[in-house]
Amino acid sequence: MSDPHPLNQAVLTQALHDLRNGQLRRCKNLGFDDRDLEALKHPKLISVLLNATVCWCSVQVNKPVLRRLLCQVHDIEKEIATIDRMLRLGASTEMVSKYFGLAHQEIALRRAVLGLPRRKGRYPALTDEQDGALWSYWKQARTERDIALDDEMAMLELAMDMAEEFHVPMSVVWATLRSWIDQGMV
């Protein structure tokens, strides 16, 4: 004798759960009609459906939803990598909180997990040479990458690249960029 079909069992379990919780619409979305739902009130009929060896239901994959969910995993991984990179490059807690919505405690924990030292006080100001080098790099990179001033995520990416290139803390780079934009030095 064959074993009961697992797909039947899964669908029936879901339908019974939804019925117990008053979710009739969900049962109907699964394909059950009023007559089927009435049958599910009888244990003998439930037993027949549960133990059926032939599959009485089918599965259809919703491709757009599946693709969107799979992309979310990539987006989450990218976001985690970006946050970690920002922290390693000296981004301030306020920056990470503003752009990624993390609480200060979460950011402190992330810093600890990454093995980053606790910072005390402010970073030193840029020298004139650093300021000039950052300005030149920023102007050229913004033009090459065609970054709009209001595209903050692209600007954050550029600020991270500049922090790496010039070995300057990202929070200093970001404050400098924001200052140039606020002063209209674009």
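For the structure, see preceding data.
Bear in mind that the values here come from a model prediction, so they are computed numbers and not experimental data.

## Remarks on helix α1 (residues 6-20)
If you check α1, its first and last C-alpha atoms are 21 Å apart, about what 15 residues at 1.5 Å a residue would give, namely 21 Å. Looking only at α1, the buried set comprises Asn 8, Val 11, Leu 12, Ala 15, Leu 16 and Asp 18. Seen along its axis, α1 keeps its buried residues to an arc of 160°; they face one direction. In this structure, α1 carries Pro 6 and Arg 20 as exposed residues pointing more than 90 degrees from its buried face. On its buried side, α1 packs onto α2 (24-30) and α4 (43-51). Looking one or two residues beyond α1, the residue adopting positive phi is Gly 22, at roughly 70°.

## Thoughts on helix α6 (residues 93-100)
Each full turn of the α-helix corresponds to 3.6 residues, which orients residues three or four apart in the same direction. Listed in full, the buried residues belonging to α6 are Thr 93, Met 95, Val 96, Tyr 99 and Phe 100. The buried residues of α6 occupy an angular sector of 165° when the element is viewed end-on, so they sit on one face. Relative to its buried face, α6 has exposed residues pointing more than 90 degrees away, namely Glu 94 and Lys 98. Where α6 terminates, the next one or two residues include Gly 101, which has phi positive at roughly 70°.

## As for the side chain of Asp 161
Topologically, Asp 161 is positioned in helix α9 (residues 152-166). Since its relative accessible area comes to 17%, Asp 161 is described here as buried. Asp 161 has contacts with Arg 85, Tyr 137 and Arg 145, leaving out every residue within four places of it along the chain.

The rules behind these values
- Residues numbered from 1 in each chain as written.
- Predicted model: local features only at pLDDT ≥ 70, side-chain atom pairs only at ≥ 80, totals over all residues.
- Heavy atoms only, no water.
- Helix = DSSP H or I, 4+ residues; strand = E, 2+ residues; numbered from the N terminus.
- Expected span 1.5 Å × (residues − 1).
- Buried < 20%, exposed > 50% of the residue type's maximum accessible area, 1.4 Å probe, protein only.
- Arc of directions from axis to C-beta.
- Contact = heavy atoms within 4.5 Å.

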